[in-house]
Structures are given as structure tokens and as C-alpha cells.
Amino acid sequence: MRLVLLGAPGAGKGTQAVFLKERHNLVHISTGDIFRHNLKENTPLGLEAKKYMDSGQLVPDDIVMKMVGTKLAELKPEEGFMLDGFPRTVKQAEFLESITKLDGVILFKVPDEAIVKRLTSRAVCKECGNVTNIHEHSKCPLCGGELYRRDDDNEETIRERLRVFHEQTEALEDFYRSRGLLLEIDATGMPEEVFERVSDELRLL
Ligand code: AMP
């Protein structure tokens, strides 16, 4: 299965990717995670991406497209994948269409104010990447690992990321709807409930 996970920052794409990976054995390709990994390793790509990430802007299309093109070319033909955080612009979606055929695009829908609330309390496990709430846990509830807050999860940057989402990424809803690929999910509520809705939609594919 070849999927795109679409939705505003904080809509739960990464959390659902963990469930999807377990159930469907899909390779998880998160462009944000790749940039953060590169930043940690101080690579030229990481340092370039940081300029944009810190202020909530998008990294230029050419850089992201090259990176995703390389990742997809590395997959074996039989491997399914889910793209998380890519595409984010129509140009990126057109590029993706030119290199692969998708089975579906899952759109995670959450109101903006719920997103601000989610992201201002989001913490991520350093060990396993599990996403949790900083007000509810001081250590990762899954593996006991140390939790950290993402640099861009502050209210000012969150609002800018949401603005950029509405301005540049929301257009992808029509792009994929017109191709008959869009699966719309109410992504409010508990992660397990959202995953039930995702599974119901995927059964129809
Ligand atoms: P994310 O982890 O998906 O929220 O991404 C974090 C940041 O990485 C974004 O705010 C962008 O600066 C950058 N980024 C991730 N994916 C893309 C993309 N497809 N196009 C442009 N910038 C991206």
C-alpha cells in the first residue's frame, strides 16, 4: 500500500503512522523527522533546513523533492510506504505523481484551536519517538525514555505553521479529491478511535 498522510501540523499523522506501520508493515517516511535527524548530525542539509523550520516556514521544494525522490528510489518494489509531511505544496504533489502511483491519501481533520492546544503540550520520546502530553507524563509511558519538546512547538511558531498549512498545503485536498484518492478522517479524540476510523476507510480501498 502506498499512502500519503495529509493534515495540519499536530493533526496526528506521526501518531497514526506508528499504528499503520504495526498493522500494515509500511515504511514510514517523515520529511520532518529526516530534517531533524540531519540537524542533530549537523549535516549541511540539516543546517539549511533549520533556517526555515525554526520560523515555521517550508523548506524549498527542490531540496525536499530531491530528498524524497532518493528515499523512494531506495525502497524495494514490494515495499509499501506512507509519506508523512510530504507533499506540502502542489509542486511537491505533482513531482510525487510523476514518480509513483498512490493508493490513497488520508486527510486528518482537526480544528485549529485543538491543534494549538495539542502542540503546546506535545512531548516526544528521545528513545522511541512516541508522542505524548508533557502535562501527563514526565517519562515516556511506553519505554521510560526521556521526553523532549520540539523547538518549533511554541505558540508563535505553531500559529505560523498553521497559517502556512492553510496557505500552501490545504490546496492538496482538492488536488487529491479530484483524483479520487482522498480519504477524509475526523482526527479528533483518542488515537485509538482515530485509528479505527482510518482502518474503516482503508478497508474500502
Ligand atoms: P513536521 O515534522 O512534518 O511538522 O515538519 C517540520 C518542519 O520541517 C516544517 O515546519 C518544515 O519547515 C519542514 N518540512 C517538513 N516537510 C516538509 C515539506 N514536505 N516541504 C517543506 N518543508 C517541510
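Look up: the structure comes first, before these words.
Residues numbered from 1 in each chain as written. Predicted model: local features only at pLDDT ≥ 70, side-chain atom pairs only at ≥ 80, totals over all residues. Heavy atoms only, no water.

A closer look at unusual backbone geometry
Here is step 1 of the chain: Of note, the amide linkage connecting phenylalanine 86 to proline 87 takes the cis form, showing an omega dihedral of 0 degrees.
Here is step 2 of the chain: Summarising the element assignment, proline 87 is placed in the loop between strand S3 (81-84) and helix H5 (90-99).
Here is step 3 of the chain: Positive phi is not limited to glycine here, since asparagine 25 has a value of about 55 degrees.
Here is step 4 of the chain: For asparagine 25, the position within the fold is in the loop between helix H1 (13-24) and strand S2 (27-30).
Here is step 5 of the chain: Of the residues examined, asparagine 25 reaches a relative accessible area of 66% and is grouped as exposed.
Here is step 6 of the chain: Even without being a glycine, asparagine 42 presents a positive backbone phi close to 60 degrees.
Here is step 7 of the chain: Tracing the sequence through the fold places asparagine 42 in the loop between helix H2 (31-40) and helix H3 (44-53). (Helix = DSSP H or I, 4+ residues; strand = E, 2+ residues; numbered from the N terminus. Buried < 20%, exposed > 50% of the residue type's maximum accessible area, 1.4 Å probe, protein only.)

Concerning the site of the ligand
Here is step 1 of the chain: Neighbouring the ligand are 16 residues, the closest being Thr31, Arg36, Gln57, Gly85 and Arg88.
Here is step 2 of the chain: The separation between a nitrogen atom of the ligand and a polar side-chain atom of threonine 31 is 2.7 Å.
Here is step 3 of the chain: In the complex, 96% of the free accessible area of the ligand, which totals 480 Å², lies under the protein chains.
Here is step 4 of the chain: Looking at the shell around the ligand residue by residue, the classes come out as six nonpolar, five polar and five charged. (Near = heavy atom within 4 Å. Polar contact = N/O pair within 3.5 Å; in protein donor to acceptor, adjacent residues only side chain to side chain. Areas by Shrake-Rupley, 256 points an atom, 1.4 Å probe, with all protein chains shown as cover. Nonpolar A, V, L, I, M, F, W, Y, C, P; charged D, E, K, R; others polar.)

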